[in-house]
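# Residue-level structure breakdown
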Amino acid sequence: MANALLPIEERNLTPDDVERLDKRRRRGQLFLVLCFQSLIVATLLTLWSGQDLTLSPGWAHPVVYWNAITFTAALVFGIVGIRLKRGSNEFLSY
């Protein structure tokens, strides 16, 4: 009997297809972890960004630029991670 928890398009996969699906979902989990780690670092960088904006002269604000890059990386990692991890896992242990 087919597993009713699986989506219809995943019920008749070959073992190779299942392995590729698991790899894709593990990669999605990796990207979600990178997203949250980048978000934590970017949140901490906001403390120095305010100081950099007020004390650095002209357009020289390297911490603000790094903060923007880190927030952007977190956003990209989050979107890619959600797209790769779509579907339901048979085991939710990882």
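## Quick notes on the UniProt feature "transmembrane region" (unreviewed entry) in the protein chain
The feature "transmembrane region" (unreviewed entry), as given by UniProt, occupies residues 30–51 and 63–84 in the numbering adopted here. With 100% helix and 0% strand, the stretch residues 30–51 has end C-alpha atoms that lie 33 Å from each other. Annotated as 100% helix and 0% strand, the span residues 63–84 places its first and last C-alpha atoms 31 Å apart.

## With respect to the pattern of salt bridges
For the structure on display, the rule yields 2 salt bridges. We note a salt bridge from Asp17 to Arg20, for which the minimum N-O separation is 2.3 Å. Of this pair, Asp17 and Arg20 both sit in helix 1 (residues 15–55), 3 residues apart, roughly one helical turn. The residue Glu19 makes a salt bridge to Lys23 at a minimum N-O spacing of 3.8 Å.

## A closer look at the side chain of Ser38
Structurally, the position occupied by Ser38 is in helix 1. A relative accessible area of 13% places Ser38 in the buried class. Leave out the neighbours within four places in its chain, and Ser38 touches Thr70, Ala74 and Phe77.

## So, helix 2 (residues 62–84)
The end-to-end C-alpha distance of helix 2, which contains 23 residues, comes to 32 Å, matching closely the 33 Å that a straight helix rising 1.5 Å per residue would cover. Among the residues of helix 2, those classed as buried are Asn67, Thr70, Ala74, Gly78, Gly81 and Leu84. Residues of helix 2 that are buried in the fold lie against helix 1.

## Here we look at a nonpolar patch on the surface
Together, Ile40, Leu44, Leu47 and Trp48 make up an exposed nonpolar region whose accessible area comes to about 460 Å². Along the polypeptide, Leu44 turns up in helix 1.

Rules behind the numbers
Residues numbered from 1 in each chain as written. Predicted model: local features only at pLDDT ≥ 70, side-chain atom pairs only at ≥ 80, totals over all residues. Heavy atoms only, no water. UniProt positions renumbered as here; feature names shortened; annotations may be inferred. Helix = DSSP H or I, 4+ residues; strand = E, 2+ residues; numbered from the N terminus. Salt bridge = Lys/Arg side-chain N within 4 Å of Asp/Glu carboxyl O. Buried < 20%, exposed > 50% of the residue type's maximum accessible area, 1.4 Å probe, protein only. Contact = heavy atoms within 4.5 Å. Expected span 1.5 Å × (residues − 1). Patch = residues over 30% accessible without salt bridge, like charges linked within 9 Å, V, L, I, M, F, W, Y side chains within 5 Å. Areas by Shrake-Rupley, 256 points an atom, 1.4 Å probe, with all protein chains shown as cover.

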